[in-house]
Amino acid sequence: MKVLHLNAGNETGGGMVHILSLLKELKREEFVLGLLEKGVFEEKARAAGIVTKTFEQSSRYDLSVLFQIISFIKREKINILHTHGARANLYGYFLKKFTSVTWMTTVHSDPRNDFLGRGIKGRLFTTLNLSVLKKPDHYFAISKRFTDMMVEFGVNPKDITTIFNGIDFNAPLNTGLCREDITLSTNDFVLLMVARLDPVKRHELAIEAVEEVIKVHPEIKLLLVGDGPLKPEIQNLIQQKGLEQSIQLLGHRDDVDAFYNLADITLLTSQTESFPLVLLESARTNTPVITTDVGGVRDMIPDPSYGFIVHGNEKAEIVSLIVQAIEMKKDGQLKNMGKTFRGYVSQHYSLQSFVDSIYRTYKRFNK
């Protein structure tokens, strides 16, 4: 068996972590990571010892790269192509036609929201993405909710394997950062949001909620870790609201895991997610979460003792839950919630079970 994982290569968030975690655990000689761009993803993959091939494009619309990939598939005798993301899925559609590979894809996000905020071009790409996404031989859906979504799109349930992201809860924690390093005090109540600066993550909702809470709790601090196309707009919004002293825009960080130890709570305001890895990373450090009701969140937080899920009027409820968390910190309940959250998640979402589920599916198609 020989498997080629194909991704655009410009991913630096949960999708990248998902793929790297999987390939680091699988047998190296059977797997190759194919990327369409150089960058952080490629650097991390090579540093982890993952066999990586970069098929560089002159632009993201350069379809001549297909000839490079076809030649590679035939030369390396690839029999399973596993794509991740809209661009890779589009190429998967053509590669399936010109090679004998079995084509699998992981549904990392709701394809109806992959191109939010990109105007007419975004709507065209969404239509194309949805059309292409009906063509793979098999699907991995990273939550029960996404499995149901694909069935609604017309995919046969027999062609879908539901998987759950997992991480190594025994890996050593990064403790090389303290609050003073980023001008925080021990008295601050620190909210951490780790997310690509993209419309679907709705950073403006987090900023507006913090603006409200500050009126009664000036000790609130929000750390935004991540980079992306909305960086200028988010910077302007923070400045317009005069929140520069309360909100730090920290950009992409290689030491992102160290920030969970600094935070009192992790915040996720996404409009859509599959199975948010940031919540697993938060659980690993006993840090509780406030999250919108997206993807597999309800599987991770089965009742309010494990964390906060936003259900109703989002801004008002986020404000209310932040205030509640501040009160819980004062009497030690918030730390207990974090420990309860870790205990549950570590039992149900291990890295090994995640990897085993995918590998079993590969073997089923490679008889």
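All residue numbers refer to position in the chain's written sequence, counted from 1. In keeping with the model being predicted, local features are shown solely for residues with a pLDDT of at least 70 and side-chain atom pairs are shown and tallied solely at 80 or more, while totals for entire chains, interfaces and linings include all residues. In computing side-chain values, all of the structure's heavy atoms are included and hydrogens and water are not.

> Just to check I follow, could you spell out the packing of aromatic side chains for this structure?
By convention here, two paired aromatic rings are described through the distance between centres and the angle between planes. Each Phe, Tyr or Trp ring (for Trp, its six-membered ring) is paired with any other whose centre lies within 6.5 Å, and the angle between the two planes then decides the class: stacked below 30 degrees, edge-to-face above 60, tilted in between. For the coordinates displayed, the defined rule picks out seven aromatic pairs. Centroid distance tyrosine 93 to phenylalanine 94: 5.3 Å. Interplanar angle 75 degrees. Geometry classified as edge-to-face. Taking relative accessible area as the criterion, phenylalanine 94 reaches 27% and is therefore assigned partly exposed. Through a chain of ring-to-ring contacts, three or more aromatic side chains come together here, namely Phe31, Phe140, Tyr359 and Tyr362. The cut-offs for exposure are 20% and 50% of the maximum accessible area for each residue type, with area from a 1.4 Å probe on protein chains only; residues under the lower value are buried, those over the upper are exposed, and the others partly exposed.

> Is there a simple way to think about the nonpolar core in this case?
One broad trend across soluble globular proteins is that nonpolar side chains are buried collectively. Ranked by internal contacts, the top residues of the largest apolar core, which has 58 residues, are Phe259 and Tyr362. By residue number, the principal contributor to this core is helix α14 (residues 351–365), which donates six residues. Residues count as neighbours in contact if any of their non-hydrogen atoms are within 4.5 Å of one another. Setting aside residues up to four positions removed in sequence, phenylalanine 259 forms contacts with Leu177, Ile182, Leu192, Leu223, Val225, Leu250 and Arg253. We call a set of buried Ala, Val, Leu, Ile, Met, Phe, Trp, Tyr and Cys residues a nonpolar core when their side-chain atoms join them within 4.5 Å. Core analysis: the next-biggest nonpolar cluster, separate from the first, contains 34 residues, Ala206, Val210, Val213 and Ala325 among them. Helix and strand definitions here come from DSSP, where helices need a minimum of 4 consecutive H or I residues and strands a minimum of 2 consecutive E residues; each element is numbered from the N-terminal end.

> Would you mind showing me how to read the pairing of strand β4 (residues 80–84) here?
Residues in a regular strand point their side chains to alternate faces of the sheet. Burial of β4 is extensive: five of the five residues sit out of reach of the surface. Burial along β4 is two-sided: the face carrying Ile80, His82 and His84 and the face carrying Leu81 and Thr83 are both buried. Taken together, the five bridges between strand β1 (residues 3–7) and β4 define a ladder with parallel strand orientation. What sits directly across from histidine 5, in β4, is histidine 82. Any two strands with at least two DSSP bridges between them are considered paired.

> I'm lost on the sheet that holds strand β13 (residues 308–310) in this one. Help?
Across a sheet, strands are paired by hydrogen bonds formed along the backbone, either parallel or antiparallel in direction. Strand order across the open sheet formed by six strands is β10-β9-β8-β11-β12-β13, with parallel pairing between neighbours. Edge positions in the sheet fall to β10 (247–251) and β13, since each of these pairs with one other strand and no more. Within the sheet, the average angular offset between the axes of one strand and its neighbour, ignoring direction, is 20 degrees. Where strand β11 (residues 265–268) and strand β12 (residues 289–292) come together, three bridges link them in parallel fashion. Each bridged residue has a counterpart across the sheet, and for leucine 267 the counterpart in β12 is isoleucine 290. Axis definition: a line fitted to C-alpha atoms, over the contacting stretch in the case of helices. Angles run 0 to 180 degrees between N-to-C directions. Of the strands in this sheet, β8 (189–194), β9 (220–225), β10 and β11 touch helix α7 (residues 203–214), which is tilted by about 165 degrees from β9. Strand contacts of helix α8 (residues 231–240): β9 and β10, with the helix running at about 160 degrees to β10, the strand carrying the most contacts.

> Help me understand the packing of α7 against α8 in this model?
To describe two helices that pack against each other, one gives the angle between their axes and the distance between the axes. With their axes 11 Å apart at the nearest point, α7 and α8 run at an angle of 15 degrees to one another. Between α7 and α8, the interaxial angle falls into the category roughly parallel. Crossing of α7 against α8: the hand is right-handed. For the pair α7 and α8, contact is made by His203, Glu204 and Ile207 and by Ile234, Leu237 and Ile238, respectively. Of the residues contributing to the contact of α7 with α8, the split by class is four nonpolar, one polar and one charged. Angles are sorted into four bins: roughly parallel if under 35 degrees, roughly antiparallel if over 145, roughly perpendicular if 65 to 115, and oblique for all others. By definition, any crossing whose near helix is turned counterclockwise from its far helix by less than a right angle is left-handed, and any crossing with a clockwise turn is right-handed. Three classes are used: nonpolar for Ala, Val, Leu, Ile, Met, Phe, Trp, Tyr, Cys and Pro, charged for Asp, Glu, Lys and Arg, and polar for all others, with Gly counted as polar.

> When you look at the side chain of asparagine 7 in this model, what are you seeing that I'm missing?
Within the secondary structure, asparagine 7 is located in strand β1. When its relative accessible area of 7% is taken as the criterion, asparagine 7 is described as buried. Of note is the side chain of asparagine 7, whose polar atom sits 2.8 Å from the backbone nitrogen of glycine 9. Any pair of N or O atoms that falls within 3.5 Å is considered a polar contact. Within protein, one atom must be able to donate a hydrogen and the other to accept it, and sequence-neighbouring residues count only if both atoms are side-chain atoms. Only 3.0 Å separates the side chain of asparagine 7 from the backbone oxygen of histidine 84, close enough to count as a polar contact. Here asparagine 7 is in contact with Ile19, Gly34, Leu35, Leu36, Phe41, His84 and Ala88, once residues within four sequence places are set aside.

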